[in-house]
Amino acid sequence: MLKTYLSICLILFGIMISFSANAQGAKYTRTDTLKGTYSKARSWWNVLHYDLDVKFNYNDSSIIGSNKITYKIIESDTVMQLDLMQPMILDSIVMNSKKCEIKKEGNAHFVYLSTEQKVDKIQSVITYFHGKPKVAKMPPWEGGVIWAKDTKGNPWISIACQGMAAQVWFPNKDHMYDEPDSCTIRITAPKELITVSNGRLAMALMNADGTATYIWKVVNPINNYNIIPYIGKYTVVIDTIVGEKGVLDLSFWALEDNYAKAKKQLQQAKSMLRCFEYWFGPYPFYEDGYKLVEAPFLGMEHQSAIAYGNNFQNGYMGRDLSLSGWGLKWDFIIVHESGHEWFGNSISAKDVADNWIHESFTAYAENLYTEYLFGKKAGAEYVIGTRKAVANDKPIISDYNVNAGGSIDLYYKGANMLHGIRQVVANDSLWREMFRSMNLKFRHQTVVSSQIESYMASYLNLDLQKIFDQYLRTIQIPTLEYRIKKDKLFYRWTNCVKGFNMPLKIITAEKESWLTPTDKWQTMSYQDALFKADDNFFITTKLLE
């Protein structure tokens with residue numbers, strides 16, 4: 001069974017670390033620095049809006065387009081870094097009708113602006129580009145543009161680019177630190193096909209050359225890698241739900257033959273939204289609506305347009321990642337990828353190194369949804385079951401400023417850390433209030449790990465720093481060493497960071513009680529025949545003779 005489980009996890013996560021340029025401790029290159037550092041050429045200007053206009057040519061797998069970038073000047077400077085991945089070609093950049101000088105270094109393009117950049121002024125440049133973008137080999141893990149066909153042979157096109165980022169197909173300020181506050185997405189493709197994208201459909205234009213241009217508008221901040229077109233023979237299921245901020249528009253864009261399946265599966269999105277709004281607060285993008293879009297790959301958290309490729313079934317491709325049985329009770333892609341609307345899309349990490357903010361909270365949300373449907377015991381069994389996927393290969397938080405992601409443990413080791421903190425809090429009302437307050441405090445912002453760690457500790461009035469350090473910054477799982485002699489229990493923490501101080505609930509023959517171990521031996525009176533640590537804590541125990 002374990003072998004089967006590990007094979008499932010390899011399918012799910014094994015390639016996900018491809019979005020890190022290097023493993024922690026590796027020798028980083030100039031390319032890593034150019035991609036990962038929020039440098040002066042990026043920091044002096046703040047992106048306000050992308051107006052993206054792209055034509056997709058299925059016959060030769062090419063695209064051609066422009067991106068008008070509107071920005072506000074924070075500091076006076078004239079050198080701007082934009083990013084576009086080879087083999088795409090940046091043809092020109094125009095400002096005030098004049099071409100700008102461009103100096104290229106790898107995928108980084110340094111633009112020399114001829115117009116004075118005055119602080120607080122709003123300016124814009126128009127980028128023109130074309131080429132045959134990198135083709136996805138194993139989306140979403142090894143991403144790029146997907147040039148697929150549906151079962152009837154119709155073109156079916158999309159993009160998955162979290163790892164390599166949006167520069168794989170259009171020029172932009174490709175760093176997680178800064179997001180456009182809004183964007184317009186104009187996609188042109190054969191008129192027989194429908195284009196779906198983020199936000200709301202503003203207009204569909206039938207062109208004289210046999211193509212159609214669909215214009216979608218996003219009015220909220222959005223990660224670059226979330227800006228995605230879906231091009232295919234789509235039909236749409238439309239519905240609504242009354243949520244915390246009023247009526248939320250729902251839709252499921254599916255291939256024509258899958259209308260009935262999509263209608264049925266969309267009902268799960270309703271219970272998911274009710275659960276996550278209860279725990280985390282209002283859905284963060286009411287203005288842009290909520291939709292699922294059938295995609296030619298498994299799934300991705302594209303903001304307000306979740307990529308869905310789970311074949312309209314429960315589980316993860318029909319499997320239970322927790323092996324607890326509970327993971328087959330709901331559709332993994334709908335729940336997990338939609339959870340990212342709160343953690344990843346609304347609250348976003350500034351640096352790839354802190355991507356646990358996206359994945360740990362969202363993996364933990366799977367537990368909360370299971371609990372919402374089937375009770376607290378079921379939710380706990382689910383998250384505890386996912387521990388089998390923990391690799392402890394390297395720390396969850398990696399090196400900063402070099403686009404280096406950490407361990408795949410940012411999913412379920414991180415989720416179990418949060419589950420353990422919930423036990424320490426021992427107050428579900430406060431725990432829920434903290435999540436809702438956090439989502440209000442950091443709504444539509446990019447953050448660093450220290451902000452989230454400090455906020456949780458302050459709100460809960462707990463010293464959590466050593467817990468975060470232990471689970472996020474080491475590969476050590478805390479071990480409680482203990483021995484029982486006559487009527488005494490001796491215990492201490494080992495395999496832990498200095499000063500590790502997480503309280504621990506233990507189960508004895510007659511009752512539950514709490515220990516407050518440190519890395520020093522402690523003693524207490526003990527007369528029970530049974531000693532067991534609560535399974536809700538992700539630790540190991542070791543009985544000493």
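An account of the accompanying structure is given in this report. Remember, predicted model here, so these are calculated numbers, not experimental data.

Overview of the overall build of the protein chain
Now for step 1: Within the protein chain one finds 11 helices and 29 strands.
Now for step 2: The globule rule puts the C-alpha radius of gyration for 545 residues at 24 Å, and the 25 Å found for the protein chain is close to it.
Now for step 3: A total of 545 residues make up the protein chain; the buried ones form 59% of that total.
Now for step 4: When the accessible surface of the protein chain is totalled, it reaches about 21300 Å², and 52% of it is carbon and sulfur.

A few points about the sheet that holds strand β26 (residues 512-515)
Now for step 1: The antiparallel open sheet is built from three strands, whose spatial order is β26-β25-β28. The open sheet has two edge strands with one neighbour each: β26 and β28 (531-533). On average, each strand axis in the sheet is inclined to that of its neighbour by 35°, with strand direction left out of account.
Now for step 2: As paired strands, strand β25 (residues 504-508) and β28 are joined by three bridges and run antiparallel to one another.

Focus on helix α4 (residues 259-280)
An α-helical segment advances 3.6 residues per turn. Residues three or four places apart therefore align on the same side.
Now for step 1: An ideal rise of 1.5 Å per residue puts 32 Å on 22 residues; α4 measures up with 31 Å between its terminal C-alpha atoms.
Now for step 2: Of the residues trailing α4, Gly281 is marked for its positive phi of about 100°.

As for the pairing of strand β8 (residues 122-131)
Now for step 1: The two faces of β8 differ: Gln123, Val125, Thr127, Phe129 and Gly131 on one face are buried, but Ile122, Ser124, Ile126, Tyr128 and His130 on the other face are not.
Now for step 2: Where strand β2 (residues 62-73) meets β8, 10 bridges bridge the pair, whose relative direction is antiparallel. When the bridges of β8 are listed, Thr70 appears paired with Ser124.
Now for step 3: Bridging between strand β4 (residues 89-95) and β8 involves five bridges; their strand directions are antiparallel. Bridge pairing in β8 places Val94 opposite Ile126.

Points about the sheet that holds strand β5 (residues 98-99)
Backbone-to-backbone hydrogen bonds pair the strands of a sheet. The strands run either parallel or antiparallel.
Now for step 1: One open sheet holds the eight strands; their spatial order is β5-β4-β8-β2-β1-β11-β14-β13, and the pairing between them is mixed. The strands lining the two open edges of the sheet, one partner per strand, are β5 and β13 (200-206).

Details of the packing of helix α7 (residues 376-385) against helix α8 (residues 412-425)
Now for step 1: Close contact between α7 and α8 brings their axes to 9 Å; oriented N to C, the two are set at 140°. By the angle between their directions, the pair α7 and α8 is classed as oblique. Once α7 is placed against α8, the crossing between them reads as left-handed. The residues of α8 that touch α7, namely those facing Lys376, Ala380, Tyr382, Val383 and Ile384, are Tyr412, Ala415, Asn416, His419 and Arg422.
Now for step 2: Of the residues belonging to the contact of α7 with α8, the class tally is six nonpolar, two polar and two charged.

Focus on the nonpolar core
Now for step 1: Counting 96 residues, the largest nonpolar core has Tyr290, Trp356, Trp431, Met438, Ile452 and Met456 as its most contacted members.
Now for step 2: The biggest single contributor to this core is α4, with nine residues.
Now for step 3: Judged by nonpolar contacts, the second largest core, of 65 residues, contains Tyr58, Ala148, Ala189 and Leu255.

Overview of the packing of helix α6 (residues 356-374) against helix α10 (residues 449-460)
Now for step 1: Contact geometry of α6 with α10 gives a least axis separation of 10 Å together with a crossing angle of 45°. In terms of orientation, α6 and α10 fall into the oblique class. On α10, the residues that touch Trp356, Ile357 and Phe361 of α6 are Ser449, Ile452, Glu453 and Met456.
Now for step 2: Residue classes in the contact of α6 with α10 are distributed as five nonpolar, one polar and one charged.

Examining the state of the cysteines
Now for step 1: With the rule as written, the count across this model stands at zero disulfides.
Now for step 2: Unpaired in terms of disulfides, Cys183 finds its nearest cysteine sulfur in Cys161, a separation of 13 Å.

Quick notes on a nonpolar patch on the surface
Now for step 1: A cluster of nonpolar residues, Tyr372, Leu373 and Phe374, forms a patch on the protein surface that exposes about 250 Å² of accessible area.
Now for step 2: With respect to the element layout, Tyr372 can be found in helix α6.

Topic: unusual backbone geometry
Now for step 1: Along the chain, Gln86 connects to Pro87 via a cis peptide bond; the corresponding omega equals 10°.
Now for step 2: Note on placement: Pro87 falls in the loop between β3 (79-83) and β4.
Now for step 3: In this structure, the amide linkage connecting Pro139 to the following residue, Pro140, adopts the cis form with an omega of 5°.
Now for step 4: By secondary structure assignment, the location of Pro140 is in the loop between β8 and β9 (144-149).
Now for step 5: Unlike most non-glycine residues, Phe312 shows phi in positive territory, near 55°.
Now for step 6: Looking at the element boundaries, Phe312 is found in the loop between β20 (306-308) and α5 (332-339).
Now for step 7: For Phe312, a relative accessible area of 15% puts it in the buried group.
Now for step 8: A positive phi angle is found at Lys486, which is not glycine, with a value near 55°.
Now for step 9: Mapped onto the secondary structure, Lys486 falls in the loop between β23 (479-485) and β24 (488-494).

Scoring rules and cut-offs
- Residues numbered from 1 in each chain as written.
- Predicted model: local features only at pLDDT ≥ 70, side-chain atom pairs only at ≥ 80, totals over all residues.
- Heavy atoms only, no water.
- Helix = DSSP H or I, 4+ residues; strand = E, 2+ residues; numbered from the N terminus.
- Rg over C-alpha atoms; globule rule 2.2 N^0.38 Å.
- Buried < 20%, exposed > 50% of the residue type's maximum accessible area, 1.4 Å probe, protein only.
- Areas by Shrake-Rupley, 256 points an atom, 1.4 Å probe, with all protein chains shown as cover.
- Pairing = 2+ DSSP bridges.
- Axes fitted to C-alpha atoms, helices over the stretch in contact; angles between N-to-C directions.
- Expected span 1.5 Å × (residues − 1).
- Parallel < 35°, antiparallel > 145°, perpendicular 65-115°, else oblique.
- Left-handed = near helix turned anticlockwise from the far one by under 90°.
- Contact = heavy atoms within 4.5 Å.
- Nonpolar A, V, L, I, M, F, W, Y, C, P; charged D, E, K, R; others polar.
- Core = buried A, V, L, I, M, F, W, Y, C linked by side-chain atoms within 4.5 Å.
- Disulfide = S-S within 2.5 Å.
- Patch = residues over 30% accessible without salt bridge, like charges linked within 9 Å, V, L, I, M, F, W, Y side chains within 5 Å.
- Salt bridge = Lys/Arg side-chain N within 4 Å of Asp/Glu carboxyl O.

Shape is all these values report; function is a separate question.
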